[in-house]
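An overview of the molecular structure
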Amino acid sequence: MVGEIRDSETAKVATQAALTGHRVLSTLHTNDAAGAITRLIDMGIEPFLVSSVVLVSFAQRLIRKVCPYCKQRYTPTKEVMKCWNLNSSNNGKLVRAKGCVHCMNTGYRGRTGIYEVLIIDKSIQELILLKKSAPEITKTALESGNFKTLKENAAEKVFQGITTLEEAASAVIL
């Protein structure tokens, strides 16, 4: 395990360990899963090395869960639904935080994660070799149908009544 890759020296050590057959787990500060790929290249790791040693990249954020004791259902505006690419399959009912004694009047109790998982397949490896940008890598991953963005995962948690739109928006780039 490498606690965090912050500089090119640490990135090179992690890459060398991966090249010699070790499974390397580490963290990088990026906005999304595809950003980890471009960040490693920016740190001086050759694209052919990145494409051969990185198997998967995760992005995660913690968001607050709405309090189950005081949450209220409401119908959001059409503009809000459109911004989040939500449909009305749940009758358009979402939850909002009210506040009570159970949550110290915050409306939230506990946390949960939102995630995106980028599996480095052949198509992504080709993009890495071509030094494509993180948005281009994300676009290709989305087109494959095996990838959900942080925003999409957050929207799912909103529609499931786990959190609010406001909390989800605070954790993702709209």
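Cut-offs used in this document
- Residues numbered from 1 in each chain as written.
- Predicted model: local features only at pLDDT ≥ 70, side-chain atom pairs only at ≥ 80, totals over all residues.
- Heavy atoms only, no water.
- Helix = DSSP H or I, 4+ residues; strand = E, 2+ residues; numbered from the N terminus.
- Contact = heavy atoms within 4.5 Å.
- Areas by Shrake-Rupley, 256 points an atom, 1.4 Å probe, with all protein chains shown as cover.
- Salt bridge = Lys/Arg side-chain N within 4 Å of Asp/Glu carboxyl O.
- Buried < 20%, exposed > 50% of the residue type's maximum accessible area, 1.4 Å probe, protein only.
- Core = buried A, V, L, I, M, F, W, Y, C linked by side-chain atoms within 4.5 Å.
- pLDDT = per-residue confidence, 0-100.
- Phe/Tyr/Trp six-rings, centres within 6.5 Å; stacked < 30°, edge-to-face > 60°.
- Lys NZ or Arg CZ within 6 Å of the ring centre and 35° of its normal.
- Patch = residues over 30% accessible without salt bridge, like charges linked within 9 Å, V, L, I, M, F, W, Y side chains within 5 Å.

The next subject is the overall build of the chain. The secondary structure content of the chain amounts to 8 helices and 4 strands. For the chain, the α and β elements follow one another from N to C terminus as α-α-α-β-β-α-β-β-α-α-α-α. For the C-alpha atoms alone, the extent of the chain along its principal axes is close to 55 × 35 × 20 Å. For the chain, restricting intrachain contacts to residue pairs at least 6 apart in sequence, the fraction spanning at least 24 positions comes to 69%. With an accessible surface of roughly 10500 Å², the chain has 52% of that area assigned to carbon and sulfur atoms.

For the rest of this paragraph, the subject is the pattern of salt bridges. Across all of its chains, the model carries 4 salt bridges by this definition. One salt bridge connects Glu-4 with Arg-6, and the closest N-O pair in it is separated by 3.1 Å. Overall, the relative accessible area of 23% leaves Glu-4 in the partly exposed class. Between Arg-64 and Glu-167 there is a salt bridge, with its nearest N and O atoms 2.9 Å apart. Residue Arg-64 is located in strand β1 (residues 56-66), and its partner Glu-167 is located in helix α8 (residues 165-171); the two are separated by 103 residues in the primary sequence. By relative accessible area, which is 30% here, Arg-64 ends up partly exposed.

Before going further, it helps to examine the nonpolar core. Judged by nonpolar contacts, the single largest core of 41 residues is most densely connected at Ile-37 and Leu-118. Those residues in contact with Ile-37, other than ones at most four positions away along the chain, are Val-50, Val-54, Leu-118, Ile-120, Ile-128 and Ile-137.

Averaged over every residue, the pLDDT of the chain is 92; residues scoring 70 or more account for 96%. Confidence scores differ between elements of the chain, with helix α4 (residues 78-83) showing the lowest mean pLDDT of 81 and strand β4 (residues 108-119) the highest of 97.

Moving on, we get to the packing of aromatic side chains. What the rule picks out here adds up to 0 aromatic pairs. For Arg-64, the ring lying beneath its charged end belongs to Tyr-108, and the centroid distance is 3.9 Å.

Mapped onto the fold, Gly-3 is located in the segment before α1 (8-19). A sequence separation of 22 residues divides Gly-3 from Leu-25, and the C-alpha atoms of the two residues are 8.2 Å apart. If sequence neighbours within four positions are ignored, Gly-3 has contacts with Ser-26 and Thr-27.

Among the structural elements, Arg-111 can be located in strand β4. Taking the C-alpha atoms as reference, Arg-111 lies 5.1 Å from Lys-65; in sequence the two are 46 residues apart. In this structure, Arg-111 is in contact with Leu-62, Ile-63, Arg-64 and Lys-65, ignoring residues within four places of it in sequence.

A contiguous nonpolar patch, built from Leu-55, Val-56, Phe-58, Tyr-115, Val-117 and Ile-119 and spanning about 580 Å² of accessible area, is present on the exposed surface. Elements with a contribution of two residues or more to the nonpolar patch: β1 and β4. Tracing the backbone shows Val-117 in strand β4.

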